[in-house]
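Survey of secondary and tertiary structure
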Amino acid sequence: MAVRLFSIIILVLLIVVSKPVLMNEILDLNDGDGYGDDLLGRLFRQDYSPPAPPPPPPHPPSASCQDDLGGVGSLDTTCKVVSSLNLTRNIYVAGKGNFYVLPNVTVNCSFVAGCEFGVNVSGNFTLGENARISVGSFELVAMNAVFGNGSVVNTTGLAGDPPEQTSGTPYGLDGAGGGYGGRGAACLVDDEQLPDDVWGGDAYAWSSLAKPLNYGSKGGTTSKEVDYGGGGGGKITVMVNGSIEMNGLLLAEGGDGSPRGGGGSGGSIYIKAYKMTGSGKISACGGNGFGGGGGGRVATDVFSRHEDPKIFVHGGYSVGCPSNAGAAGTFYDAVPRSLIVDNLNMTTDTDTLLMEFPYQPLLTSVFIRNFAKAAVPLLWSRVQVQGQISLLDGGKLSFGLSHYPLSEFEVLAEELLMSNSIIKVYGALRMSVKMFLMWNSQLVVDGEGDRNVGTSVLEASNLIVLKESSTIHSNANLEVRGQGLLNLSGPGDCIEAQRLALSLFYGVNIGPGSVLRGPLENATADAWTPKLNCESPQCPEELLRPPDDCNVNASLSFTLQICRVEDILIEGLIKGSVVHFHRARTVTVPSTGTVSTSEMGCTGGVGRGQLLSNGIGSGGGYGGMGGHGCYNGTCIDGGFPYGDADLPCQLGSGGGNDSIADSTAGGGVLVIGSLEHPISSVSVDGSLIADGGSYGDKTASNPFDLYHLGGGSGGGSGGTILLFVNTLSVGESGVLSSDGGYGYPNGSGGGGGGRIHFHWSRITTGDVYQPVANVQGNISIGGGLGGNDGGDGENGTITGRSCPRGLYGIFCEECPLGTYKNVTGSDRSLCFECPADELPHRALYVPVRGGITETPCPYKCVSDRYHMPNCYTALEELIYTFGGPWLFGLLLLGLLILLALVLSVARMKFVGLDESPGSAPTQGSQMDHSFPFLESLNEVMETNRVEDSQGHVYRMYFMGLNTFSDPWHLPHTPPEQVKDIVYEGAFNRFVDEINALATYQWWEGSVYSILVFLAYPLAWSWQQWRRKMNLQRIREFVRSEYDHACLRSCRSRALYEGLKVAATSDLMLAYVDFFLGGDEKRSDLPPRLHQRFPLSLLFGGDGSYMAPFSLQSDNTITTLMNQAVPPTTWYRFVAGLNAQLRLVRQGRLRAMFRRVVTWLETYANPTLRIYGIRVDLACFEATGGEYCQYGLLVSSAGEPNYIRFENAGTTTQQVQHTSNDDFSRDDRASNSREFASLIQHRNPEKNIIQKRSYGRILDLNSLQGFNEKRDIFFPFSFVIHNTKPVGHQDLVGLVISILLLGDFSLVLLTLLQLYSISFVDVLLVVFILPFGILLPFPAGINALFSQGPSRSAGLARIYALWNITSFVNVVVAFMCGYVHYCSNPNTKVPDFQPWNMDEGEWWIFPAALVLCKCVQSFLVNWHVANLEIQDRSLYSNDVVTFWRS
């Protein structure tokens, strides 16, 4: 081998210095094996150096046009060759004119080898149609040139001698083709020689590539006697200053040899012009023969080419070996500086030699296509082009010598494009391009295992793409670099080497079905094999802290490294023994991707399994102990664990040793990231596996089909998966596996599990915490199955970096809810339970970003209505701020009393002495003059319009309830009492106008209907306001607008007098008084009191709280009654009756009227009988008999109870209680008969014809049959009703103030309580009747601070209405609380936590509010009574005391 190495060095030196060496000198270096002698001779007997250019021969004298060429004309003007010529010597034509070879003319000099025909004219050259020039060498210099259709310049096979010191003509009798631009083919190959090792004539004249001027070489022969080889191609030179029209043929092809001879090589064609057009043919192809001749050389230097003529330089066809044609020649285009090697789709094993590439200037592009096979044979060669190198359609390019991979080669270009092509490198390759694209192509680097050969480096600054099963293969070290994208597109694309490194890319995409592999699978014996660190228990430092340069270093442990790559996408397979991803940003493994080091570890190793004598073995150990192997009761232990679980980086161990062919291997090492440069993000939906090998994987598809074997080794242990990452995501389909392999089923042990470690580089804590891992897939470190009981390998280890406080586990998750962790570590037990006594009963523990590190553990209330820190409601916070429920209640009560006292003092200051401070006075002169039930007393003291009372004739009451649906109206028929003083027709018109005025507008009733549902007190106020306005319109009409045309009195019509409209103060009863005008001259008018008996006096009001019954006794009635009763007696009677009537209330009329009847019989009638009159409670029916109005029937003291009413005007107003049926119809019929039977009791002086209207006196007996229908609001009459005066007025006002403030406080507390449930509940309670729950307070304050008893009493009634209306809002509050309570039945009730809506005491505040409102109502009732009844003797039980007052 030393002799061989020395000979190789000498050969290299000889090639570099380009010195010729004799064959016998080379053969002296042979080491004696015979093969080297022949091979070295074949390789190096050729002369690759260009010969020294010979001096140019002097031009011979020019031939004459006419004498030598038989033409016409002159060479200095125009010379035309008009007939064919047969030349026997070289001819040179020169002149200043034109030179034409006319059509169909032939110039032939084919009988003389190398015959030259030169033309040098200053004018134009034309080769006419079908003209032909056949010479060995044709040289043309002209201004312009035209080669007509069918014209031919043919030098095929007519070459002269090739240059000296060249070996274009093959040696021997092999019948090989001649060589020139490409080698000639040789068809004789023995068993010791490859097709690449033999060729015919060699290539030469590489230096004249740009301007070829050499002859082609002759083909070889197979006979010593006869030369069967074809001649070499001649040479053609065309140089014109102008344009070339090329429609003919320029042929410098090699001559065809006979079937026993090789074809000659193509010759030379050189064309130089400014412009070339036409569609002719230019060919320097090799000749056909037993071995095809090599192609010649063509070069063009044409600035502008149009309609490119076809140019051919392919090798000749080989009859002896059809698949090995002659090598293609070269075509050089000087304008784009491109070199084309094209073999016209003829397959060949023969090379076109590419020698030293020019540097000044560089070639722009190199094309090797159509099965052309090019070679760069010179060692240490650099192929540098300015543009692209393209290998297309079966093109092949090789570097170096196949049996001597000693050198490094450089390729520098902008682009390297390969399509269905092959590049082979014997040695090492350093490639630097911007773009490297492969389509169904191969790049093979063969270093033959020689460590002295450097690492191959493929660098593409922009893009490397492999598609359609493209392969980059190296049996040594390979480094692929780039600054852009590396993309292995799909199935079959592969980059593999014994040690492989990818570096500096922006992104690496391993497409589905693509493969990155290092080391090689099934590597040959001559491949360089990386040494694994199997026997050392120490962790290789470069796996934890790798160097930053990313260069391939044989001393490093990894076999496949991806370094300094931004993003790595793995949809295919990455497989290696020690796989390392270093200084990357993201690694993504979709569901189709796999990174595997399975079965790529050690076959022995530190934790190797042991073997019994029969071959049964135990499992290898690493993360877990290997399973033991047993046979016939004899057992051996498995391999022991080794390495550091917290930072593992060792290879898995096998189940045997290196000496056993079927020994299993452990898993390899997969390291992603490093200690100093972790990966930012790793996403795994595919597989990261480092499983140990199983016995039988190499020999059978199913290892449990091996029962026929005698024994087998145990399973290999799992390897290492070590991740230095910031964040990890493992999808549902993701797998991280380091399982042990299973052993031989007849007793071998399973391999132990490997080790998986997650070294989190940055574990954020606190508010910036982000989960480091999201694991949904499977992570496995199980031991392998063994072939005996207990023979399974132990599980391996899964560890993570120690977690900071608040986090635990392998993936540093937040401690479970309700726990905290205040120490560093990963164990679950370090998360301690939070103290239970620090958690309020309405609170839940809440997760905290980054985990909980200290106590107390953070929590939140179960609902937003509770407030931190004690999870109290807003109400509870208020209560407990002031010391708890009881102390808060006492403070609130004290505050209410204090505020009430302040209000009382302020009220007394504001109101003054308008209200009597004590009991009502006993003197009538001291009575208040504003109350409706004392109006008769007030009117008596008035002296104005007494004269009107004297002329009063009749009082006619309005019918109707004076409501929006039933307004006031008068009957059209005048009463009998006024028929003598009115015109009936005019009276009817008067009634129509009055009724029209009394009718309400539709919108007034609509507003009232809306307000009834929204706020009844406002509806009542609205109704009273509209009633007042209606009364004012009617009175104004009668007083000022009506002309009193219905009256007969001229004086009344003239003075607008005689009619007067008035109403009770409650605006429910109205009437029209008729007065005499003074000019009637009637002595019987006006009638006296006794003539009016029985006299009906109707009550105002309807018995409701807001409008109690009252007797309206104005000046007219008072003056009339004074005819029989003294004024003071009548005043006292009216006051006492109104005091009794105010106690009557709807729904209880029968009981209350009994008291009134009793009072009349006990107090009133005994006194009034003295004056000859009697009063009875009566009900008066309208003409239709549907309704009844209550009032007094005044009659003489001697009249019976049942009488017929003389007063035809008793067509009363319909009673407001329209639903009341006071009597049955049978009672009415009986009454009618009784009234008719009493006519004889009438005064015979009365002759007036009267319209009958019936009523009934209500006594104790008739009230027994009195029935009243009650409406739905009847229960409220028990809460608000008119009562007798009770207590001291100021004291009652003080208590009302306290309750009013208490009511408002309870309202606020209730709303605060509801707010704790839901703000919607607050809105519902407040707006179910808009602000109904809040308005009682301002209404009460307004009533308390009003001046005057009458105004205060009226506002107090409004206050009472608001108070009772707010019950609806309180009921809604009850319902909200109840619904919430029922919807939370499992609410935890504390030992003592009242005042909250979600527990059993939800009803306290609403109930207290109801109670407070009820008490307020009773007190307001008393307060109103105290204001309205200032003379309490009106309720005296002593008759004498009553009348005396």
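The numbering scheme is per chain: residues are counted from 1 as the chain's sequence reads. Whole-chain, interface and lining totals are the exception, using all residues; otherwise, since this is a predicted model, local features are given only for residues with pLDDT of at least 70 and side-chain atom pairs are given and counted only at 80 or more. Remark: hydrogens and water are excluded; side-chain values derive from all non-hydrogen atoms of the structure.

**Overview of the overall build of the chain**
- Each helix is a run of DSSP H or I of at least 4 residues and each strand a run of E of at least 2, with the numbering of both proceeding from the N terminus. From N to C terminus, the chain includes 23 helices and 68 strands.
- Buried, partly exposed and exposed residues are distinguished by accessible area as a fraction of the type maximum, computed with a 1.4 Å probe on protein chains only: under 20%, between the cut-offs, and over 50%, respectively. Here the chain, with 1445 residues, has 57% of them falling under the buried criterion.
- Here, two residues are considered to be in contact whenever any of their heavy atoms come within 4.5 Å of each other. Sequence-distant contacts in the chain: of pairs separated by 6 or more residues, those separated by 24 or more amount to 67%.
- Summed over its atoms, the accessible surface of the chain is roughly 58500 Å², and 55% of this surface lies on carbon and sulfur atoms. Per-residue and other accessible areas follow the Shrake-Rupley method at a 1.4 Å probe size, with only the shown protein chains counted as cover for residues.

**What to know about the packing of helix α11 (residues 1016-1041) against helix α21 (residues 1349-1383)**
- Helix axes are fitted only over the stretch in contact, all axes being lines through C-alpha atoms; the angle between N-to-C directions runs from 0 to 180 degrees. At their nearest, the axes of α11 and α21 sit 8 Å apart, and the two run at 145° to each other. Contacts between α11 and α21 involve Y1016, P1017, L1018, W1020 and S1021 on the former and, on the latter, I1358, L1361, W1362 and T1365.

**Observations concerning the sheet that holds strand β6 (residues 106-108)**
- Strands are labelled as partners when DSSP assigns at least two bridges between them. Pairing in this open sheet of seven strands is parallel, and the strands run β3-β6-β9-β12-β15-β17-β19 from one edge to the other. In this open sheet, the two edge strands, each paired with only one partner strand, are β3 (85-86) and β19 (310-312).
- Strand direction decides the pairing type here: strand β17 (residues 281-283) and β19, joined by three bridges, are parallel. Along β19, the bridge assignment pairs K281 with K310.

**So, the pattern of salt bridges**
- The rule for a salt bridge is simple: a side-chain nitrogen of Lys or Arg has to be within 4 Å of a carboxyl oxygen of Asp or Glu. Tallied over the full model, the rule gives 29 salt bridges.
- Put simply, R305 and D333 hold a salt bridge, and the shortest N to O gap is 3.2 Å. Of this pair, R305 sits in strand β18 (residues 297-305) while D333 sits in strand β20 (residues 330-333), and the two are 28 residues apart along the sequence.
- A residue is classified by how much of its surface remains accessible, and D333, at 7% relative accessible area, is buried.
- Linking E1428 and R1142 is a salt bridge whose minimum nitrogen-to-oxygen distance equals 2.6 Å. Remark: R1142 occurs in the loop between α15 (1127-1141) and α16 (1149-1168) and E1428 occurs in helix α22 (residues 1404-1428); sequence separation between them is 286 residues. A single burial state applies to E1428 and to R1142, both of which are buried.

**Some points on the confidence of the model for the chain**
- Note: pLDDT gives the predictor's confidence per residue, expressed from 0 to 100. Overall, the predicted model of the chain reaches an average pLDDT of 82, with 85% of residues at or above 70.
- Across residues 1-49, where pLDDT falls below 50, the model places 56 contacts with residues more than four positions away in sequence or in other chains.
- Contacts for the low-pLDDT stretch residues 1387-1398, under 50 throughout, to residues beyond four places or in other chains number 43 contacts.

**Some thoughts on the state of the cysteines**
- When two cysteine sulfur atoms are found within 2.5 Å, that pair is recorded as a disulfide. By the definition in use, this model includes eleven disulfides.
- The partner cysteine of C65 in its disulfide is C79, sulfur to sulfur 2.0 Å. Across the disulfide from C65 to C79, rotation about the S-S bond amounts to roughly 95°, and the bridge is consequently right-handed. Taken together, the residues C65 in the loop between α3 (35-44) and β1 (72-73) and C79 in strand β2 (residues 78-81) connect sequence positions 14 residues apart.
- Judged by its relative accessible area of 4%, C65 falls in the buried class.
- By relative accessible area, C79 is classed as buried at 0%.
- Residue C1412 stays outside any disulfide, its sulfur separated by 9.3 Å from that of C1414, the closest cysteine.
- Residue class for C1412 comes out buried when judged on its relative accessible area of 9%.

**Things to note about the packing of aromatic side chains**
- Stacked, edge-to-face and tilted are the three classes for Phe, Tyr and Trp ring pairs, Trp counted by its six-membered ring, which pair at centre distances within 6.5 Å; planes under 30 degrees apart are stacked, over 60 edge-to-face, the rest tilted. Enumeration according to the criterion identifies 39 aromatic pairs in this entry.
- Arranged with centres 6.0 Å apart and planes meeting at 55°, the rings of W206 and F357 form a pair that is tilted. Here W206, found in the loop between β12 (152-154) and β13 (235-240), pairs with F357, found in the loop between β22 (352-353) and β23 (365-369); they are 151 residues apart in sequence, far enough to count as distant.
- Measuring from ring centre to ring centre gives 6.0 Å for Y957 and Y1071, while their planes differ by 75°; the resulting arrangement is edge-to-face.

**A few points about the environment of P195**
- One can find P195 in the loop between β12 and β13.
- Given a relative accessible area of 39%, P195 falls into the partly exposed group.
- It is 9.3 Å that separates the C-alpha atoms of P195 and T348, two residues lying 153 residues apart in sequence.

**Comments concerning the pairing of strand β64 (residues 1095-1100)**
- Across the six residues that make up β64, a large majority, six, are buried.
- Examined bridge by bridge, β64 and strand β67 (residues 1188-1196) share four bridges and lie antiparallel to one another. Counted as the bridge partner of L1095 is V1194 from β67.
- As paired elements, β64 and strand β65 (residues 1110-1111) share two bridges and run antiparallel to each other. Directly across from G1100, in β65, lies its bridge partner S1110.

**Concerning the side chain of N1138**
- With respect to the helices, strands and loops of the structure, N1138 is situated in helix α15.
- For N1138, a relative accessible area of 0% gives the class buried.
- Polar side-chain contacts of N1138 include one of 2.6 Å to the backbone nitrogen of L1111. Here a polar contact is recorded for every N or O atom pair within 3.5 Å, except that within protein the pair must consist of a potential hydrogen donor and a potential acceptor, and residues adjacent in sequence are included only if both atoms are side-chain atoms.

**Details of the sheet that holds strand β63 (residues 1070-1075)**
- Ordered in space as β61-β63-β62, the three strands form an open sheet in which the pairing is antiparallel. This sheet does not close on itself; its edge strands, each paired only once, are β61 (952-957) and β62 (1059-1063). On average, each strand axis in the sheet is tilted by 25° relative to the strand beside it, whichever way the strands run.
- For β62 and β63, the ladder comprises five bridges, and the chain directions are antiparallel. Bridged to A1063 within β63 is A1070.

**Quick look at the pairing of β62**
- The element β62 is extensively covered by neighbouring structure, given that four of its five residues are classed as buried.
- Two successive antiparallel strands, β62 and β63, enclose a turn made up of six residues, where L1067 displays a positive phi of approximately 60°.

**Notes on a nonpolar patch on the surface**
- In this analysis, a patch consists of residues with relative accessible area above 30% that form no salt bridge, clustered at 9 Å for like charges and at 5 Å for the nonpolar side chains Val, Leu, Ile, Met, Phe, Trp and Tyr. A contiguous nonpolar surface patch, about 480 Å² in accessible area, is contributed by I1010, V1012, F1013, L1014 and Y1016.
- For L1014, the location among the structural elements is in helix α10 (residues 1002-1014).
- Residue L1014 is classed as partly exposed on the basis of its relative accessible area, which comes to 38%.

**Some details on the environment of Y845**
- Residue placement: Y845 occurs in strand β59 (residues 843-845).
- Separated by 14 residues in sequence, Y845 and Y859 have C-alpha atoms that sit 4.1 Å apart.
- Here the side chain of Y845 touches P835 through a polar contact of 3.2 Å, landing on its backbone oxygen.

**Notes on the packing of helix α18 (residues 1289-1317) against α21**
- One way to put it is that α18 packs onto α21 with a least axis distance of 11 Å and a crossing angle of 30°. It follows from the interaxial angle that α18 and α21 lie roughly parallel. Where α18 crosses over α21, the two elements pack in a sense that is left-handed. For the pair formed by α18 and α21, the contact residues are I1296, L1300, D1303, T1310, L1314 and I1317 on the first element and Y1359, N1363, A1373, C1376, G1377 and H1380 on the second. Working definition: roughly parallel below 35 degrees, roughly antiparallel above 145 degrees, roughly perpendicular at 65 to 115 degrees, and oblique for all remaining angles. Helix crossings are classified by the rotation of the near helix relative to the far one: an anticlockwise turn of less than a right angle makes the crossing left-handed, while a clockwise turn makes it right-handed.

**Topic: unusual backbone geometry**
- The linkage connecting M868 with the following residue, P869, adopts the cis geometry, with an omega of 5°.
- Looking at the element boundaries, P869 is found in the loop between β60 (859-861) and α5 (874-881).
- The linkage connecting F1093 with the following residue, P1094, adopts the cis geometry, with an omega of -10°.
- Tracing the chain through its elements places P1094 in the loop between α13 (1089-1092) and β64.
- Phi angles above zero are rare outside glycine, and F1331 is one such case at about 60°.
- Relative to the helices and strands, F1331 is located in the loop between α19 (1319-1327) and α20 (1336-1344).
- A residue is classified by how much of its surface remains accessible, and F1331, at 39% relative accessible area, is partly exposed.

**Describing the environment of R260**
- Structurally, R260 is set in the loop between β15 (249-251) and β16 (268-277).
- With a relative accessible area of 43%, R260 lands in the partly exposed category.
- With near-sequence residues (within four places) excluded, R260 lies in contact with G175, T221, T222, S223, Y228 and F290.
- Within the local environment of R260, its side chain forms a polar contact with the side chain of Y228, the two groups lying 3.4 Å apart.

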